[in-house]
Every structure is written in structure tokens, then in C-alpha cells.
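What follows is each chain in one-letter form.
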Amino acid sequence: MKFNRLFLAIFGFTLILDQLVKGWARAALNNGDFFANTEVIGNLSPLPWPGVFELKLIYNRGVAFGLLDGKGYLMAPVGILIAGFCLWYSGKMPARPRLPHVALALVASGAVGNLIDRVWKQKVTDMFWFRAIDFPVFNIADACISVGVVLLFIAGFLPGALPAETPTEPEPPADPQPETAPEAPEVQPSPENQREES
């Protein structure tokens, strides 16, 4: 199985970006400690859009968007399975169209990004808050999963988006029976020849 380069590039970039932003959010309220594992939470900045979309550090022990609080450990094996499936499925698909590879890379990146937090800190770092509608605080990994799922749905309608089945080779025709020359009919002696012989 060949790994798609576009898949690997997007997966690696978004995973690193997710971990860097999480580290920055923790460091902002923990004296610059990028790897802090504390319970300190609070507003980071009213930017980029005060009153509408702000930065707020919280920790989530559930799943995406704060669901199933305290049950996040259940997602650890699920995250491994999701990422492994996305990598395998991307390897089976043709290089074009590219959209399915982008979608699978985003889903895999989001699953691994939050998996790292759950294994490393037993909680997920969130920091993006749509304050205007009080939407649950989320992170880049959550956004990658959501966007990836939407793109997968769209990609399902693209021709050639699904792995092509390996064509089965037709069975070779049976060896034809060698043609045999027809047997020559026996020549019956004519009555005149019989009389001459007698």
C-alpha cells in the first residue's frame, strides 16, 4: 500500500499546528509553561472578535465540544482506529480526486491530536469560543474532524472518489482440441476388378 503524499502533508501540518496552539494556550496562563498540566483556566483574549469569537482556555475530559464529560478515556482506542482506518483507506484510493485525501487527513489529524492530550494529560486543551452563541469551546483538532467529515460527505458524490475494485482477469479459454484429419473412406473394389482378379 502506498501512502498518499497529500494526506501525509495535511495530516502532519494540522497535527503540529494543533499541538502548538494548545501549548501556547496553556503557556499563556501558566507563566509561559508550554507543557503545563494544571487546572488553571480563564479568558486568553477577547480577540479576534470581541463578544463574538474569543479565546478562552478550558480543559475537556469528555469528547468533542465538551460532550460526555469525564468519559474521554473511551475515545482513546476509537482515535487509534479512526486514524488507522483513514491512513489505510487513503492508501487504497487513487491520487485523484484529491478531496477525499484532504478529508481523511483532517479526520485522522483531529483524532490523533486529541488522543495525544488524553494519553499525555488525561484531558483535552480547548481554546476557541463562539461567545455570541455560547458554543462549546473547541480546538483545532475538533475543527479538523468536523470539516473532514463534511468534506467526506461531499467527496462521496465525486466520480472516482471511492477505491476502484481490482478487475479480475478473465480465465484463459480452454485449449482447443487438435483437429484430426478425416479418415479416408475405404475404397471398395469394383465388380470389374473382382472379375479380372478371378
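See above for the structure.
Residues numbered from 1 in each chain as written. Predicted model: local features only at pLDDT ≥ 70, side-chain atom pairs only at ≥ 80, totals over all residues. Heavy atoms only, no water.

Peer 1: Account for a nonpolar patch on the surface, naming residues and giving values.
Peer 2: Taken together, Val-150, Phe-153, Ile-154 and Phe-157 make up a surface patch of nonpolar side chains, about 450 Å² in accessible area. Among the residues examined, Phe-157 registers a relative accessible area of 63% and is labelled exposed. (Patch = residues over 30% accessible without salt bridge, like charges linked within 9 Å, V, L, I, M, F, W, Y side chains within 5 Å. Areas by Shrake-Rupley, 256 points an atom, 1.4 Å probe, with all protein chains shown as cover. Salt bridge = Lys/Arg side-chain N within 4 Å of Asp/Glu carboxyl O. Buried < 20%, exposed > 50% of the residue type's maximum accessible area, 1.4 Å probe, protein only.)

Peer 1: Tell me about the packing of helix α1 (residues 5-28) against helix α3 (residues 99-121), and name the residues and values.
Peer 2: Packed helix pairs are specified by the crossing angle of their axes together with the interaxial distance, meaning the distance between the axes. Contact pair α1 / α3: the axes reach a minimum separation of 8 Å and the direction vectors enclose 35°. Both α1 and α3 take part in a crossing whose hand is right-handed. (Axes fitted to C-alpha atoms, helices over the stretch in contact; angles between N-to-C directions. Helix = DSSP H or I, 4+ residues; strand = E, 2+ residues; numbered from the N terminus. Left-handed = near helix turned anticlockwise from the far one by under 90°.)

Peer 1: Talk me through the pairing of strand β2 (residues 53-60); I want residue IDs and the actual numbers.
Peer 2: Look at any regular strand and the pattern is simple: side chains alternate between the two faces of the sheet. Counting buried residues along β2, 6 of its 8 residues qualify, which places the element largely inside the surrounding structure. With 5 bridges connecting them, strand β1 (residues 42-49) and β2 associate as antiparallel partners. Each residue of the ladder has a partner; that of Gly-42, found in β2, is Leu-57. Remark: 3 residues form the turn of the hairpin made by β1 and β2, two consecutive strands paired antiparallel; Gly-51 in that turn has positive phi of roughly 80°. Two elements, β2 and strand β3 (residues 124-130), share 6 bridges in a ladder whose sense is antiparallel. Paired with Phe-53 across the two strands is Phe-130, which belongs to β3. (Pairing = 2+ DSSP bridges.)

Peer 1: I'd like a description of the nonpolar core, backed by residues and values.
Peer 2: In this structure, Phe-7, Cys-86 and Phe-128 are the most contacted members of the largest nonpolar core, which totals 25 residues. Contributions of two or more residues to this core are made by α1, β2, α2 (75-92), α3, β3 and α4 (140-155). Top contributing element to this core by residue count: α3, with 7 residues. Discounting chain neighbours no more than four positions away, the residues touching Phe-128 are Val-21, Phe-53, Glu-54, Leu-55, Lys-56, Pro-136, Val-137, Phe-138, Asn-139 and Ile-140. (Core = buried A, V, L, I, M, F, W, Y, C linked by side-chain atoms within 4.5 Å. Contact = heavy atoms within 4.5 Å.)

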